[in-house]
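A closer look at the structure
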There are 2 protein chains.
Amino acid sequence: MSRERPTIEDVARAAGVSRATASRVINNAPGASEPLRARVSAAVADLRYQPNESARALASGRPRTIDVVAVTYNQGIGWLGTHPYFSRVLAGILPVVEGFGAQVRLQLGDSDPVEHAIDEIADHAGLGVVLADITPALAARLHRRCRRTVSLVRTAPSVPGMEADNVGGAVAAVTHLYERGRRRIAAIHGPATNPCAIDRRTGHRRAIRTLGLPDLSADGGFDREGGYRAARDLLDRHPDLDAMFVACDLTAAGAVQAITATGRRVPDDVSIVGFDDSIAAVCANPPLTTMRLPVEDMAAAATRLLLAGDPPPGHRQHFPVTLVVRAST
Amino acid sequence: MSRERPTIEDVARAAGVSRATASRVINNAPGASEPLRARVSAAVADLRYQPNESARALASGRPRTIDVVAVTYNQGIGWLGTHPYFSRVLAGILPVVEGFGAQVRLQLGDSDPVEHAIDEIADHAGLGVVLADITPALAARLHRRCRRTVSLVRTAPSVPGMEADNVGGAVAAVTHLYERGRRRIAAIHGPATNPCAIDRRTGHRRAIRTLGLPDLSADGGFDREGGYRAARDLLDRHPDLDAMFVACDLTAAGAVQAITATGRRVPDDVSIVGFDDSIAAVCANPPLTTMRLPVEDMAAAATRLLLAGDPPPGHRQHFPVTLVVRAST
DNA sequence: CTGAAAGCGCTAACAC
DNA sequence: GTGTTAGCGCTTTCAG
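All figures in this text were calculated on a predicted structure; none of them were measured in a lab.

Conventions used here
- Residues numbered from 1 in each chain as written.
- Chains lettered and ligands numbered in written order.
- Predicted model: local features only at pLDDT ≥ 70, side-chain atom pairs only at ≥ 80, totals over all residues.
- Heavy atoms only, no water.
- Helix = DSSP H or I, 4+ residues; strand = E, 2+ residues; numbered from the N terminus.
- Buried < 20%, exposed > 50% of the residue type's maximum accessible area, 1.4 Å probe, protein only.
- Near = heavy atom within 4 Å.
- Polar contact = N/O pair within 3.5 Å; in protein donor to acceptor, adjacent residues only side chain to side chain.
- Nonpolar A, V, L, I, M, F, W, Y, C, P; charged D, E, K, R; others polar.
- Contact = heavy atoms within 4.5 Å.
- Buried area = accessible area lost by both parts, 1.4 Å probe.
- Salt bridge = Lys/Arg side-chain N within 4 Å of Asp/Glu carboxyl O.
- Pairing = 2+ DSSP bridges.
- Core = buried A, V, L, I, M, F, W, Y, C linked by side-chain atoms within 4.5 Å.
- Least-squares fit on C-alpha atoms with pLDDT ≥ 70 in both.
- UniProt positions renumbered as here; feature names shortened; annotations may be inferred.
- Axes fitted to C-alpha atoms, helices over the stretch in contact; angles between N-to-C directions.
- Parallel < 35°, antiparallel > 145°, perpendicular 65-115°, else oblique.
- Left-handed = near helix turned anticlockwise from the far one by under 90°.

For the rest of this paragraph, the subject is unusual backbone geometry. Each neighbour pair has its own omega, and for Val 266 of chain A with Pro 267 of chain A the value is 5°, a cis peptide bond. Structurally, Pro 267 of chain A can be placed in the loop between helix 12 (249-261) and strand 9 (271-276). Even without being glycine, Arg 48 of chain A reaches a positive phi, approximately 55°. Counting through the fold element by element, Arg 48 of chain A comes out in the loop between helix 3 (34-47) and helix 4 (53-60). In this structure Arg 48 of chain A comes out as exposed when scored by relative accessible area, which is 67%. If you check the backbone angles, Asp 276 of chain B has positive phi at about 125° while not being a glycine.

Quick look at the structure:
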């Protein structure tokens, strides 16, 4: 057997048609009769033909890839290896793209300044770009240069986006704690500039206002260390608190460690609700009650949207955030 | 300003040279005088020229990408989203590739049968393929069709590989427990077919033999649930055990939960050492003493090797596995 | 509905 | 050293 991969030329010859016709049926584009379609398909199967993606990309002016962009915002590349979010995004995207016969490309977007990285990604985009976690301003910039873009977090009005009910989730979390009889409920919030964190903060504020609870808040970022520190601090300032709402499971895992370190028990003395339902929630001890963010579903939906054609500007798709009860409450 | 991206033709014209010369300096290949190099470089900067990767790929017969392959072995795509390993691999690879001006492509390799997926990846490979976690047999198959391949786990003799000292790590872990005064040391092993797990098993056996310890083993897979189950089981069968060596942090996190659930304290009653030093280790409560696998370093080294040219068959690079002491011992 | 032919932007032989 | 030229394998007008 020949070592060379067959080209579309070979397929056309084998099927006794022109390259154009072969191309049409391979891309199942209109304009080919049933009999010819059958012959071409047979030839494809026979020769085990697989299109050369590079040639396709050049000819059509666009690689058949979905670009996933992760902006690091100077947090260093480390966060990618430690934060459970990104791999869930990939887990959602990969099967969809694979099923479509396209490919996944990873873009870092951390060169300095970020704007250049974003512009370059936009100019080279393939079938579409998925924004894993990006500021509205940057998303808008990218979307201006490349329409086929979807954000997985709340974003600028023009940019198509998958939106989870972070506000509602935070309300539900605090309410759950309240219903468990807790009244001294503290909160550990995420980064002040992160859209998800902002919404969870909003939800928290709304809930304590509604329930008539005091505002016992601290900032913890979205990492474990921040959670540990914030929890220690909170416990120092309010030794009588009996619950914590934490805006991220990773942070919550740190908070649990801090609570335990002060000799308190979870959930008996302090109960705690996290957010995300990531691997961190189930690794914590006790495992965390948390608000499930359907990251995989959102990423998969974003990908499908992109694969289906140009998403209309401002398109929105909404996702619920649901309570998952474990041992920490 | 024109919306069209400049081509190499534009650069050549602006610099007053031929396309070939422009190409040479852009790829900084030999065969261009200093003065011309300068003129071309100026034109590149001036026009903000960026090569069209699709055209490059087609002309040179190979896309400028590093392909990262994750084989799921029917575990479903979920593991990718929950197991901390894969994202550490990416965190190691991305900066290196980015610095080189190449791209990262993700390959799933889970179609049925796996062999086809592997063959297809080999036939379409770009600058090189990084095998995140693959059986020796599959790695060998891929390497046969594509020389520029590196495995991150112990693999077939012919396949270039990055090898961490898993055996030594396991020995060190058990020894650490022994030095802490523990004598009833149980072990929770990983999947019987996983090369890393096998080596850690070997190390464990070697250590208990050397130290004259009984073999108290159970199988836990590489996930949290398995760790929980195995630990409960072990505790049932050997209520007097005073330590556990667990072949994966995720599994160890589950084991800690199980130990706690039986009313025992970590590390007072049972101390525990994990393996990997992943995010799971620091999310556990208490945080886990563990054997650090330098995944990011290994992935980065593999990438550099690939980017430097075809790695010689059988090439090996060794990495230490070091003890990180935290609160679980 | 089908085929012929013109590139897509670049690399790499090959001449000069 | 430098330029000319022939493709890489495919998509996509444009005729027929």
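Right, picking up where we left off after that structure.
Around DNA strand D there are 26 residues in total, and Ile 8, Arg 19 and Tyr 49 of chain A together with Arg 24 and Ser 33 of chain B lie nearest to it. At the protein interface, 55% of the atoms of DNA strand D within 4 Å belong to sugar or phosphate. Asn 27 of chain A places a side-chain nitrogen or oxygen 3.1 Å from a phosphate oxygen of DNA strand D. Between DNA strand D and Arg 24 of chain B there is a distance of 2.5 Å, counted from a base oxygen to a side-chain nitrogen or oxygen. Every element with two or more residues in the surface near DNA strand D is listed here: helix 2 (19-26) and helix 4 of chain A together with helix 2 (19-26) and helix 4 (53-60) of chain B. Here the surface near DNA strand D is built from residues that sort into twelve nonpolar, nine polar and five charged.

Time to look at the interface of chain A and chain B. The partner chain B presents 45 residues to the 45 residues of chain A that form the contact. Looking at the side of chain A facing chain B, the largest losses of area belong to Leu 106, Cys 283 and Asn 285 of chain A, adding up to 15% of the total buried there. Summed over the shared surface of chain A and chain B, the result is zero salt bridges. Inspection of the chain A/chain B interface yields 19 residue pairs in polar contact (both at pLDDT 80 or more). Contributions of two or more residues to the side of chain A that touches chain B are made by helix 4, helix 5 (78-82), helix 6 (84-100), strand 2 (103-107), helix 7 (114-124), helix 12 and helix 13 (279-283) of chain A. Within the side of chain A that touches chain B, the residues separate by chemical class into 24 nonpolar, 13 polar and eight charged. Of the strand pairs in this sheet, strand 2 of chain A and strand 2 (residues 103-107) of chain B are connected by three bridges, and their pairing is antiparallel.

If you look at the biggest cluster of nonpolar residues, it comprises 104 residues, and the most contacted ones within it are Ile 93, Leu 106 and Met 162 of chain A together with Ile 93, Leu 106 and Met 162 of chain B. Not counting the four nearest positions on each side in its chain, Ile 93 of chain B is found in contact with Ile 66, Val 68, Val 104, Val 130, Ala 299 and Thr 303 of chain B.

It is worth spelling out the relation of the copies chain A and chain B at this point. Mapping chain A onto chain B is achieved by rotating through 180° and translating by 0.0 Å along the same axis, at an RMSD of 0.1 Å. Both chain copies can therefore be described as sitting about a two-fold axis. A shared interface surface links the copies, since 100% of the contact residues of chain A are contact residues in chain B too.

The positions UniProt marks with the feature "domain: HTH lacI-type" (unreviewed entry) are residues 6-60 of chain A. Across residues 6-60 of chain A, the secondary structure splits into 69% helix and 0% strand, with the terminal C-alpha atoms separated by 20 Å.

Before going further, it helps to spend a moment on the packing of helix 1 (residues 8-15) of chain B against helix 3 (residues 34-47) of chain B. Geometrically, a packed helix pair is captured by the angle between its two axes and the distance between the axes. Residues and elements named next belong to chain B. Orientation of helix 1 relative to helix 3, taken along the N-to-C sense of each, is 125°, at an axis distance of 8 Å. Taken together, the axes of helix 1 and helix 3 lie oblique to each other. When you trace helix 1 past helix 3, the crossing you get is right-handed. Every residue of helix 3 that contacts helix 1 at Asp 10, Val 11, Ala 14 and Ala 15 is listed here: Arg 39, Val 40, Ala 43, Val 44 and Leu 47. Per-class residue counts for the contact of helix 1 with helix 3 are seven nonpolar, no polar and two charged.

Residues and elements named next belong to chain A. Read across the sheet, six strands follow the order 7-6-8-9-10-12 without closing on themselves; strand pairing throughout is mixed. Bordering the open sheet on either side are strand 7 (216-219) and strand 12 (322-324), each of which pairs with just one other strand. Ignoring which end each strand starts from, the neighbouring axes of this sheet average 20° apart. Across four bridges, the pairing between strand 6 (residues 185-189) and strand 7 is parallel. Of the residues in strand 7, the one forming a bridge with Ile 188 is Ala 218. Sheet contacts for helix 10 (residues 195-211): strand 6, strand 7, strand 8 (243-246) and strand 9; angle to strand 6, the most-contacted strand, approximately 165°. Each of strand 6, strand 8, strand 9 and strand 10 (289-292) touches helix 12; the most contacted strand, strand 9, lies at about 160° to it.

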